[in-house]
Amino acid sequence: MAVSQAQAAPATPEQLQSIKYTLRSPRRLKTEVLAGLVVALALIPEAIAFSIIAGVDPRIGLFASFTMAVTISFVGGRPAMISAATGAIALVIAPLVASQGVDYFIAAVILAGIFQIVLGLSGVAKLMRFIPRSVMVGFVNALAILIFMSQVPELLGVPWLVYPLVALGLVIVFGLPRFTKAIPAPLVAIVVLTLITVFAAVAVPTVGDKGELPDSLPSLIIPNVPLTFETLQIIFPFALAMAFVGLLESLMTAKLVDDVTDTRSHKTREAWGQGVANIVTGFFGGMGGCAMIGQTMINVKGSGARTRISTFLAGVFLLILVVVLGGIVSVIPMAALVAVMIFVSIATFDWHSIRISTLRRMPKSETIVMVATVIVTVATHNLAIGVGVGVLVAMVMFARRVAHFVTVKRSVGEHDGQETATYAVNGELFFASSNDLYTQFDYVQDPQQVIIDMHESHLWDASTIAALDAITEKYRHHGKHVTVVGLNDASTVMRERLSGQLGAGH
């Protein structure tokens, strides 16, 4: 009886992302296979569009999506996350293509992969702990807005029949899961809308209108660039920018999938895995890439995938669809894919974060950080810049808040037979809080002996040492003697090393 109950028990989140568990369950395997197919269909127009942004042939973006997805399914640290050619990478690399050509562009992709491996092995993934929750919420909301905005051009200047088709697609993706989850709703929407447009001979924009699909497999290439220091100077800044943008987007997306699936990913492995995938992609003539949050949400939220199988099959199906079944894929109406992406946008947005009740309870500084992240990300169309600004604003807000936690209490009494003013300093002293410290003392009215009691405080930086130097110097100017007591060991060492070496404090 106990055995049968154990067998009937629902699978844990960790079991669901196990390949062995999935292969033993036909239902779970079907979910992974269909999820990979849906993602592959959604990747095709995206990869073509990103290729156009980068200024390269659509085949380069499509092949990149294939090699990135397949490679990362083996070496990545986050099961079910989709990596492929992305808009962020296309924007970074486009100026190099325009000025130097495709060969330098491919060389930059390979170098970016090397940088990512080095950064991954050096522990850059650990920096994720310094990204506050408010920045993460802003990142998610901005991404949802960008996904929606990317679909707007597909709704402008098109035949009127596109609008009812999109509406029908939305009804399917939102309504079908209420009745059954046996087949991913996005896949049903794509099939139904394609059948309608084909059999009704409806003239609407299709995937084929986006660009020519390849008819051959990708081949191994070596970029034709001179192996000189001058070449390195040309590609270095683009490769470094690509490495950082790719890692930031990938690690942020991995963290989001962790939250959605209630599991933990191996961020360090994901970081160097992205590098390996980009190197492989570069040698196959691809444009490089990183994690794609839109397609990842289709895979994880829309289709229910949890393992590397879906990621691997997304790449394999993509290649089969564009090379073998290109004629069929080309007739898929863009309206179907627009409906799927709008669904992803709505599902990705954190609606709870903008409720009036939430905003009232949330500290204003947290809301400011979230809004700043969203505004900058949407304005620049660059998630890396948006997250960077969000973290910077969060740091300023934190420093401003902590600065006010320092208190100074003054008392006057006898000490060693002399009238003495004692100042008890309580709190963490750093550049923001130590600036106010200088103004907390009564330099004129205090007696000849002054004690600054630091038992309940800690010195964190040179700004605080300079402030203490300025305070003692000010008292000396008034002919009074200052004694600093109660410093802990770390603060004492810092003061002994820096005191008197920083110039005039004020």
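See the structure shown above.
Residues numbered from 1 in each chain as written. Predicted model: local features only at pLDDT ≥ 70, side-chain atom pairs only at ≥ 80, totals over all residues. Heavy atoms only, no water.

**Focus: the packing of helix α10 (residues 185-199) against helix α16 (residues 334-348)**
Orientation of α10 relative to α16, taken along the N-to-C sense of each, is 160°, at an axis distance of 8 Å. In terms of orientation, α10 lies roughly antiparallel with respect to α16. Crossing of α10 over α16 shows right-handed handedness. Residues Pro186, Ala189, Ile190 and Leu193 of α10 lie in contact with α16, whose contacting residues are Ala335, Ala336, Leu337, Val340 and Phe343. Looking at the contact of α10 with α16 residue by residue, the classes come out as 9 nonpolar, no polar and no charged. (Axes fitted to C-alpha atoms, helices over the stretch in contact; angles between N-to-C directions. Helix = DSSP H or I, 4+ residues; strand = E, 2+ residues; numbered from the N terminus. Parallel < 35°, antiparallel > 145°, perpendicular 65-115°, else oblique. Left-handed = near helix turned anticlockwise from the far one by under 90°. Contact = heavy atoms within 4.5 Å. Nonpolar A, V, L, I, M, F, W, Y, C, P; charged D, E, K, R; others polar.)

**What to know about the nonpolar core**
Core analysis: the biggest nonpolar cluster contains 108 residues, and Ile44, Phe105, Phe139 and Met287 have the highest contact counts within it. Sorting elements by how many residues they give to this core places helix α4 (residues 26-54) first, with 12 residues. Sequence-distant contacts of Phe105, that is, excluding residues within four places in its chain, are made with Val56, Ile60, Ile93, Leu96, Val97, Gly286 and Met287. (Core = buried A, V, L, I, M, F, W, Y, C linked by side-chain atoms within 4.5 Å. Buried < 20%, exposed > 50% of the residue type's maximum accessible area, 1.4 Å probe, protein only.)

**Looking at helix α5 (residues 58-75)**
Between its terminal C-alpha atoms α5 stretches 26 Å, which fits the 26 Å expected from 18 residues at 1.5 Å a residue. The element α5 is extensively covered by neighbouring structure, given that 16 of its 18 residues are classed as buried. In this structure Asp57 caps α5, since a side-chain oxygen of it lies 2.8 Å from the backbone nitrogen of Arg59. (Expected span 1.5 Å × (residues − 1). Polar contact = N/O pair within 3.5 Å; in protein donor to acceptor, adjacent residues only side chain to side chain.)

**Looking at the packing of aromatic side chains**
What the rule picks out here adds up to 10 aromatic pairs. Measuring from centroid to centroid gives 5.2 Å for Phe174 and Phe343, while their planes differ by 80°, and the two rings are edge-to-face. Pair noted here: Phe174 is in helix α9 (residues 162-175) and Phe343 is in helix α16, with a separation of 169 residues, a long-range link. For Phe343, a relative accessible area of 13% gives the class buried. (Phe/Tyr/Trp six-rings, centres within 6.5 Å; stacked < 30°, edge-to-face > 60°.)

**Focus on the pairing of strand β4 (residues 418-429)**
In regular strands, side chains alternate between the two faces of the sheet. With 9 bridges joining them, strand β3 (residues 407-415) and β4 adopt antiparallel strand pairing. What sits directly across from Glu414, in β4, is Glu419. Between β3 and β4, which follow one another and run antiparallel, lie 2 residues, and Asp416 among them has a positive phi close to 55°. Looking at chain direction, β4 and strand β5 (residues 449-459) are connected through 9 bridges and run parallel. Paired with Thr420 across the two strands is Gln449, which belongs to β5. (Pairing = 2+ DSSP bridges.)

**What to know about the sheet that holds β3**
Reading across the sheet, the 4 strands line up as β3-β4-β5-β6 and stay open at both edges, with mixed pairing between neighbours. Every interior strand has two partners, whereas the edge strands, β3 and β6 (481-485), have only one. The mean inter-strand angle of the sheet, taken between neighbouring strand axes irrespective of direction, is 20°. Along the sheet, helix α21 (residues 462-477) contacts β4, β5 and β6; its crossing angle with β5, the most-contacted strand, is approximately 175°.

**Side note on unusual backbone geometry**
Of note, the phi angle at Asp262 is positive, near 60°, even though the residue is not glycine. One non-glycine residue, Asp416, adopts positive backbone phi at about 55°. Mapped onto the elements, Asp416 comes out in the loop between β3 and β4. We classify Asp416 as exposed; its relative accessible area is 71%.

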